[in-house]
Amino acid sequence: MAESQLKQWQWNIQSSQYLGEISAVCFLHLPSHLSSLPYLLAGSGSQVIIYDLESTNMINSFQVFQGIRVHGIICSLSDNALTYKLVVCGEKRVKLFNLSLHLVSNSNSQSQPEFCVDLSLIHSLPWFSHWVLDVLFLKDHCFAVGCSDNSVHIWDMLKSSLVLEVQSPDRCLLYSMRLWGDNFEALQIASGTIYNEIIVWKVSRQHDSPTSTSPVKDCVILSSSNSNFEKCHDQRYKAVHICRLVGHEGSIFRIVWSSCGAKLLSVSDDRSARIWTVHARQNDCDEKREVVGPVLFGHSARIWDCCISNSFIITAGEDCSCRVWGLDGKQLRMIKEHIGRGIWRCLYDPNSSLLVTAGFDSAIKVHQLHASVYKTLELEGDAESEDIIEGVEISTVRIPNSMEHVGLMDSKSEYVRSLCFKCEDTIYVATNHGYLYHGLLSKTGDVKWTELVCVVGEVPVVCMDLLSSNLSENYCGIDDWIALGDGKGNVTVVGVTGEASSPEVGFSFTWSAGAERQLLGTYWCKSLGFRYVFTTDPRGVLKLWRLYDPSISVCHHSGRITLIAEFPSCFGIRIMCLDASFEQEVLVCGDQRGNLVLFPLSKDIFLFMCATSGVKISPLSYFKGAHGISSVSDISIARLSCNQIEIHSTGADGCICYLEYDKDLESFEFIGMKQVKELSLIESVSADDLSNCKYAAGFTSTDFIICNLMTEAKVVQISCGGWRRPHSYYLGDVPEMRNCFAYVKDEIIYIHRHWLPGSGKKIFPQNLHLQFHGREMHSLCFVFENLQVKGNGVENLVDKQSWVTTGCEDGTVRLTRFTPEMGNWSASKLLGEHVGGSAVRSICFVSKTYMIASDPPSMPGLEKRQNAISDSKENPCLLVSVGAKRVLTAWLLRNKGLDEKEEIHPGQKLNRCETGYKPAVKQYSSMSFRWLSTDMPIKNPSSGGRAKIVSTTKDVSSLNNHGNTISNCTEKGETESTACLGNKYEDDWRYLAVTAFLVKCAGSRLTVCFVIVACSDATVALRALILPHRLWFDVGLLASMPSPVLSLQHAVVPMHMPSKGSIQIGNQYIVISGATDGSIAFWDITENVEMFVQRVSSLNIEKFIDCQKRPRTGRGSQGGRQWRSLNSSMSKKRFEGNSEPKKAGDAANSDVLHATCSNSPESNDIDISLNCSQADHNALVESETSRTDSLPEICEIQPMHVMSNVHQSGVNCLHLSGVDCQGSENCFLFTIVSGGDDQALNCLRFKLTPASTHVDAPETIKSTIHDIIVKAAYDNCQNQNQNQTQNYHIRFFNNHRINSAHSSAIKGIWTDGTWVFSTGLDQRIRCWLVGEHGELTEHAHHILSVPEPEALDGRACGRNQYQIAVAGRGMQMVEFFVPSP
């Protein structure tokens, strides 16, 4: 569409919901016969969102401001029961709305009635001179507005005018204000001043003329000069001082009145909450009153909000915790489910006992407090450790033959050794004297004990495992199979039959499974059934036993048991858990030191009676340190494909690890991890499938906790003394309503049962709003799926959704989905976290793989082969993120295809099932990334520094006029002094920008991801990640700049033969950088890229030692060991055993130059196991060292051109349009746009042409660039450097600059060559059309709800149709399109 045609059409620009902090909450109470729970109004950005707490669905959202954050919502019930007056305030603005609810017809009379909500503006009040802090509805159709200058304004809703303004005699600025009263005469004001005091005053009617006791300055009457003000001739009012409350030592952020107006609750910067008693009497003197009630201390940071009821006091603070207190000041409960900068708002409804918290992380959590919570103070013990929940039964019991000892117990005493729940009312107990008991729990808390068996010799039972008919098919009429292991090394298998009230022993038999005190574990495997049981010993040997028909005579125990196989672990460490898959023929074990070992499990073992018993089976593979050095607690296996299985494990490092095993490649790889920060030990997780874990059960310190991983909420928290005590738990289908936990303390079994019937009761806690980053975001990028259109040309529904990755200040990386038909963000998942929580500064997505020919002139048909390989589905898609501490992390795309079970916001999931909204007919693509590799400098304290590094920057400024392309290889001994990446000293530098691309050599299995990173020490480095082996190399160093680089872009240009334009002879790789001094530099890295790929492809890179397989979490993953370089980690200890498995996760070094992760953080002092003898290992090291001597050394690459003073200050953002081929000219046109702190936009075009193509003389080029720069660029392109042959010409033209494009610094920019979109700190997004000669014309702008925008990215969805994502303190999607004629 031509520019003249575009101007004839109206632009359409609209924004989606703001995904960020929740700044205001308010209840909307409906008539009790319509709803038992209130509606919730939430202010997020410039919007008001309405939720139905009964169904937890979002009903509607309304835009109430433009660029102003909603920080107050006040609701008042009008004469009509379903019509409300609503006041929304933000900064200095106040708007009055009419909120109407209309009942939607519902055919099902038993279901909850549904309403549609309409919000209409009644009046927008004039701008106030100061911020509005509080609004209160009064009688007689008025409401009062309190401002930060300690004044109160009265608005008459009938006359739509301000009728009165009263100024407090204490004229000072306020941090907080709260109004109380139902009419003007009873109005009381509590003001929190900047002097850490609370001034309590009221407005009093003045019948007589002012006297000396009532100064004129206290009585401020409205001036009639303002047409909006209406003077009150018959009444005069004055401000009357009541008291001054002193005691806080910091700024007072929030004040609330009690319902009766006699008490005040205030929270402050000093981390305390204080209760005050106020008497509504006038004090002529300036009385300073100290706090009367208790002072509440407990928060570890500032307290932002509070509320008070007749039973509770609730506070919420910056430490992300919400605490419930009694009126006596004792803490009853702590809720900590938010992340980031804290909880902004808390709200409590006494009628429904609902507590709502909302914070910076965009989440709205709904809890239900019961009247029994405050009664916990009456219980014995610590109140914080006992959270009484409605429906919980707590009982204490003893085993039948236990005796109460006066003194300490000894090893011969009778006590509980093991517990195991079968279901909510049945528990099995094994004792120190070898007894096995069956316990039936009654509703009264009593237990009916039945003695089942006693092991031979009455020796202690050291381990027990249960396989119930609830979990598998009933076999031989046996309901429960129990395997007991005792201290003599014997295993006893017991079959239990009969009713729960009268259990009977169907059979029992015993055999010797090991030496005395050498049997540590017995394990059933659900997938193998009752016929097979495993035993373990301290040396990591796992034995598999076959059980025969239990009808065989009891006296012939040897005939019932056969030892099938032994599985010796290559680590020789005790096995803690296992899982097996009969279909996949694999067995996976986890040991006490965090290692996973994978064994083959042939079907022949089960299907045929092997003549040879006890055969030893060696491991297929292993993964060392999957959970650091912490114990593995649980393992589960799932099938991905016929040759791939996915494994997840949990451990004592508080992590859920995901691994993948490929049978064909025999690779055992780490693919992801989730940290559950509420748990230090995860015992198990429950899920529909391995990738969608819903609940995690484990321990933190001395507490047992069950967490809902979907809502990030704690379901259960019970103080029990820790995981070392005998304990057991059982979870129902809904753990929030049905869970059991039992533990042993001092010979007593404590049983906690919370088992509510499935009566459809609402489950709490709930999360109403999508949880997002809890801190500011510095970067974002779109992630594109490969398949956008179906083969028949019909648009796929998957195309309409967008995926955006974001990097946050707290080091987290998230993937969020935007669904246009819903106009909202529909899902968000946490991909992972940078090492040590280092801030993420930049992100880029890499999807296209470029080909390099090994020998272009001599390979006929190369183009066809290149296309075949580049279109292969095996080409990886990577996400690269960089940030503080020079952390560089790569993620690999795992597209799971169409899947409706993907995790979405809970409210929207319910919306599908319970309301008329039916998006289920549309399929949503499930996309995720797996962690691939992390690279950062090693920690090696030294007194070295940066003295030699900065010496290379002195002559860069002279390149403006003499920018020859030079590739000077540094000497071997000089590498670490000139290259930042070679600097092995711990420092505080951080990466500021990144860009990357994928390259593959024809005929090679290897793919190389080249990553260009800019560091805060003014260096730009070229790194290489070799896939699939995850090896990092230092390729080159772009010559040090005089100033740090803030933004990076790259261009890959296909170069064709001039005579045969269809034959591609290679690519040109160009890097563009923008620095803090306002300059933009151009670099040619083609020679370095091609030489590196060709050399690496000729090596046997698979023989290199993989240096890292798991991200470092800091929670046991490193085991407290010192960081070491690979050069010093050559431990040559080998594992004992007949055969050596293929390894994963080990770190070692081949002593190669600039290769194999020279800066890996995972290179600890780790023992290594190889598939060769020690001599073979040494030969391998020498061989690979000699091979890598031919690798190109790290070269210093000079810029081919530097443009100075493009901006007067830093180039904050830079973007390059895609390749635009100019037809028969065989040239490529690019558009570069940049934005800086100088508020200016700059647009520049350049053209690349093959060297033999005719190039116009520089004086004929239409350009606004200085002639000397154009001529220098032209001359440089004509010269042939002796070290590099240039195959192209480059020329710059059409430089256009807009000096005041934004009213503040520009932070983000994007272009496709036709449109340019920019954003800045002015909270605006502006749309510019690129003219024929590169000039920019603004056609539209939009005010964002995102405060302090930091990043922008765009996506073309069609012709003149775009999606623009903006991130800062939150994220928002803006859709821009031009209607078709």
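Just so you know, these numbers come straight off a predicted model, no measurement behind them.

Caption draft 1: Structural detail: the confidence of the model for the protein chain. Mean pLDDT over the protein chain works out to 78, with 72% of the residues at or above the 70 mark. Below a pLDDT of 50 lies the segment residues 787–798, which in the model reaches 13 contacts outside its immediate sequence neighbourhood of four places, other chains included. Counted against residues more than four places away or in other chains, residues 1255–1285, with its pLDDT under 50, gives 50 contacts.

Caption draft 2: Examining the sheet that holds strand β7 (residues 83–90) more closely. Read from one edge to the other, the open sheet built from four strands follows the order β6-β7-β8-β9, with strand pairing classed as antiparallel. In this open sheet, the two edge strands, each paired with only one partner strand, are β6 (72–77) and β9 (114–124). Between one strand axis and the next, the sheet turns through 25° on average, direction left out of account. Pairing analysis gives six bridges linking β6 to β7, with the strands arranged antiparallel. Within β7, the residue paired with C75 across the bridge is L86.

Caption draft 3: Spatial organisation of the packing of aromatic side chains. Under the defined criterion, the tally for this structure stands at 45 aromatic pairs. Seen in terms of ring centroids, F312 and Y348 are 5.6 Å apart; in terms of plane orientation they differ by 80°. Their pairing is edge-to-face. Taken together, the positions of F312 in strand β24 (residues 312–317) and Y348 in strand β27 (residues 343–349) put the pair 36 residues apart, joining distant regions of the chain. Judged by relative accessible area, Y348 falls into the buried class, the value being 14%. Aromatic ring contacts, followed pair by pair, group W481, F507, F509, W511, W524, F530 and W545 into a single cluster. Cation over ring: R1291 sits above F1293, and NZ or CZ is 6.0 Å from the ring centre.

Caption draft 4: Molecular detail of the pairing of strand β41 (residues 541–547). Burial runs high along β41: seven of the seven residues are buried. By the alternation rule, side chains of β41 split into V541, K543, W545 and L547 and L542, L544 and R546, which are all buried. One ladder, built from seven bridges, connects β41 with strand β42 (residues 561–568); its direction is antiparallel. Bridge pairing in β42 links L544 to A565.

Caption draft 5: Local environment of the sheet that holds strand β12 (residues 151–156). The four strands lie next to each other as β10-β11-β12-β13, forming an open sheet whose pairing is antiparallel. Strand pairing shows two members of the sheet lacking a second neighbour, β10 (132–138) and β13 (161–167), which therefore form its edges. Geometrically, the sheet is characterised by an average inter-axis angle of 20° between neighbouring strands, direction not taken into account. Alignment of β12 against β13, held across six bridges, turns out to be antiparallel. Within β13, the residue paired with D156 across the bridge is S161.

Caption draft 6: Region of the structure containing a nonpolar patch on the surface. Taken together, the side chains of L173, Y175, I194 and Y195 present a nonpolar region at the surface, about 430 Å² in accessible area. Relative accessible area serves as the criterion here: at 44%, Y175 is assigned to the partly exposed category.

Caption draft 7: Representation of the environment of M822. Relative to the elements of secondary structure, M822 occurs in the loop between β62 (812–819) and β63 (824–833). Residue classification places M822 among the partly exposed residues on the basis of a relative accessible area of 26%. Put simply, M822 and Q801 are 21 residues apart on the chain and 9.8 Å apart in space, counted from C-alpha to C-alpha.

Caption draft 8: Just the pairing of β24, in detail. When you tally the buried positions in β24, you get six out of six residues, the bulk of the element. Burial along β24 is two-sided: the residues F312, I314 and A316 and I313, T315 and G317 are all buried. Of the strand pairs in this sheet, strand β23 (residues 303–308) and β24 are connected by five bridges, and their pairing is antiparallel. Looking across to β24, one finds that I308 is bridged to I313. Following β23, the chain reverses through three residues before pairing antiparallel with β24. Bridge analysis of β24 against strand β25 (residues 322–326) gives five bridges, and the strand direction is antiparallel. Looking at the pairing, I313 lines up with W325 of β25. Taking the residues between adjacent antiparallel strands as the criterion, β24 and β25 are bridged by four residues, where C320 takes a positive phi near 65°.

About the cut-offs
- Residues numbered from 1 in each chain as written.
- Predicted model: local features only at pLDDT ≥ 70, side-chain atom pairs only at ≥ 80, totals over all residues.
- Heavy atoms only, no water.
- pLDDT = per-residue confidence, 0-100.
- Contact = heavy atoms within 4.5 Å.
- Pairing = 2+ DSSP bridges.
- Helix = DSSP H or I, 4+ residues; strand = E, 2+ residues; numbered from the N terminus.
- Axes fitted to C-alpha atoms, helices over the stretch in contact; angles between N-to-C directions.
- Phe/Tyr/Trp six-rings, centres within 6.5 Å; stacked < 30°, edge-to-face > 60°.
- Buried < 20%, exposed > 50% of the residue type's maximum accessible area, 1.4 Å probe, protein only.
- Lys NZ or Arg CZ within 6 Å of the ring centre and 35° of its normal.
- Patch = residues over 30% accessible without salt bridge, like charges linked within 9 Å, V, L, I, M, F, W, Y side chains within 5 Å.
- Areas by Shrake-Rupley, 256 points an atom, 1.4 Å probe, with all protein chains shown as cover.
- Salt bridge = Lys/Arg side-chain N within 4 Å of Asp/Glu carboxyl O.

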